[in-house]
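# Structural features, examined
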Amino acid sequence: KCTFLRAALRAKQPALGTWLTLPGTAVARTIASVPGLQWMLIDAEHGQITDKDYYELNNSIVSHGVSPIIRIPFAEGWLIKRALDSGAHGLMVPMVHNAKIARSVVSLAKFPPQGERGFGSPFTQHAFGVSASDYETQCNEYLLTILQIESREGLDNIDEIAAVEGADVMFIGPFDLAKSMQVQFGGDEHEKAIATVLKATQAAGKYASIFCLSGEQARKRLDQGFDMVSIATDTASITRDLTLQLETVRA
Ligand code: 3PY
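Everything quoted here is computed from the prediction, not taken from an experiment.

### A look at the environment of Ile-149
- Within the secondary structure, Ile-149 sits in strand β5 (residues 144-149).
- Exposure remark for Ile-149: the relative accessible area of 0% places this residue in the buried category.
- Among residues more than four places away in sequence, those in contact with Ile-149 are Val-96, Gly-154, Leu-155, Ile-158, Ile-161, Met-170, Phe-171, Ile-172, Gly-173 and Val-197.

Structure follows, in structure tokens:
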């Protein structure tokens with residue numbers, strides 16, 4: 001069960017996901033039950049979700065055959081520990097600017113001998129769908145370490161970051177990248193930077209991923225060679241559909 005997303009990536013299937021910023025298992029279940037999703041991002045960087053919510057959200061999402069990924073607020077050891085102890089299938093870390101941060105994240109996310117993660121929570125294995133001892137042996141292989149490239153510094157250091165062993169996915173945060181570079185979102189320089197990260201990620205034999213807000217954007221990125229894309233967020237989906245229905249009824 002812990003292999004949903006990893007299996008899709010290994011099979012070279014487009015890994016399609018959504019963004020969860022609203023707390024509550026009802027929202028998570030409603031979204032995860034839409035057929036065809038491989039992953040759902042539990043956003044504890046910017047959303048209203050806290051680490052107290054992780055356990056219930058993970059289990060709700062996994063019960064629909066979707067891999068939960070937790071995005072923590074920052075590359076800090078105790079934040080990584082709390083996210084992984086809840087049994088997430090993937091860890092997303094924002095603002096990875098250099099290989100030193102990338103190495104530290106990987107080390108904190110892996111049990112020895114690959115890393116320095118400690119074992120202890122009696123609940124961790126539940127969302128992975130395995131026994132505690134299987135969790136310990138399988139986790140290093142199946143847990144996805146997802147590093148966000150979303151700064152000029154991260155862009156400049158992409159070759160070294162992508163080369164870090166155990167760093168599985170380079171995930172572009174296009175909004176923060178544009179802000180950090182002080183360029184227009186979607187403009188030539190922005191697109192060139194995105195292409196640079198994609199190329200370096202592919203050259204390092206890692207998976208390339210990017211945040212998209214719609215199926216149209218996601219399709220374009222998959223056609224460019226990205227392996228894993230979001231297609232929507234919870235709040236944007238609600239707003240978009242309500243706007244559309246209002247326009248339809250008023251037309
Ligand atoms: C960005 O676009 O900066 C992101 O991190 C997506 O949430």
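Continuing now.
### Remarks on the site of the ligand
- In the vicinity of the ligand, the contacting residues are Trp-19, Arg-71, Gln-148, Glu-150, Gly-173, Pro-174, Phe-175, Asp-176 and Phe-211.
- Within the contact set of the ligand, an oxygen atom lies 2.8 Å away from a backbone nitrogen or oxygen of Phe-175.
- In the model, an oxygen atom of the ligand is placed 2.8 Å from a nitrogen or oxygen of the Asp-176 main chain.
- Expressed as a share of its isolated accessible area of 230 Å², the protein-covered part of the ligand is 92%.
- It is helix α9 (residues 174-181) that provides the largest number of residues to the shell around the ligand, a total of three residues.
- When its residues are assigned to classes, the shell around the ligand shows four nonpolar, two polar and three charged.

### Regarding the pairing of strand β4 (residues 90-93)
- In β4, alternate side chains face the same way, and those of Gly-90 and Met-92 on one face and Leu-91 and Val-93 on the other are all buried.
- In this fold, the crossover linking strand β3 (residues 67-71) to β4 by way of helix α4 (residues 77-85) has right-handed handedness.
- The pairing of β4 with β5 spans four bridges and is classified as parallel. Bridge pairing in β5 links Val-93 to Leu-147.

### Overview of the nonpolar core
- Counting 61 residues, the largest nonpolar core has Leu-20, Ile-72 and Leu-91 as the members making the most contacts within it.
- Excluding residues within four positions of it along the chain, Leu-91 makes contact with Ile-69, Ile-70, Ile-72, Ile-80, Ala-83, Leu-84, Val-105, Ala-109, Leu-144, Thr-145 and Ile-146.
- Core analysis: the next-biggest nonpolar cluster, separate from the first, contains 15 residues, Leu-41, Ile-69, Val-169 and Tyr-207 among them.

### Structural notes on the packing of helix α10 (residues 188-203) against helix α11 (residues 215-224)
- Where α10 meets α11, the closest approach of the two axes is 11 Å, and the angle between their N-to-C directions is 50 degrees. Compared by their axis directions, α10 and α11 come out oblique. Of the two possible hands of crossing, α10 and α11 adopt the one that is right-handed. Here α10 contributes Glu-191, Ile-194 and Leu-198 to the contact with α11, which in turn contributes Lys-220, Arg-221 and Gln-224.
- Here the contact of α10 with α11 is built from residues that sort into two nonpolar, one polar and three charged.

### Here we look at the packing of aromatic side chains
- If you walk through the whole model with that rule in mind, you get nine aromatic pairs.
- Ring plane angle 80 degrees and centroid distance 4.8 Å describe the contact between Phe-128 and Tyr-135, whose orientation is recorded as edge-to-face. Neither Phe-128 nor Tyr-135 differs from the other in exposure class; each is buried.

What counts as what
- Residues numbered from 1 in each chain as written.
- Predicted model: local features only at pLDDT ≥ 70, side-chain atom pairs only at ≥ 80, totals over all residues.
- Heavy atoms only, no water.
- Helix = DSSP H or I, 4+ residues; strand = E, 2+ residues; numbered from the N terminus.
- Buried < 20%, exposed > 50% of the residue type's maximum accessible area, 1.4 Å probe, protein only.
- Contact = heavy atoms within 4.5 Å.
- Near = heavy atom within 4 Å.
- Polar contact = N/O pair within 3.5 Å; in protein donor to acceptor, adjacent residues only side chain to side chain.
- Areas by Shrake-Rupley, 256 points an atom, 1.4 Å probe, with all protein chains shown as cover.
- Nonpolar A, V, L, I, M, F, W, Y, C, P; charged D, E, K, R; others polar.
- Right-handed = clockwise from strand over helix to strand, strands pointing away.
- Pairing = 2+ DSSP bridges.
- Core = buried A, V, L, I, M, F, W, Y, C linked by side-chain atoms within 4.5 Å.
- Axes fitted to C-alpha atoms, helices over the stretch in contact; angles between N-to-C directions.
- Parallel < 35°, antiparallel > 145°, perpendicular 65-115°, else oblique.
- Left-handed = near helix turned anticlockwise from the far one by under 90°.
- Phe/Tyr/Trp six-rings, centres within 6.5 Å; stacked < 30°, edge-to-face > 60°.

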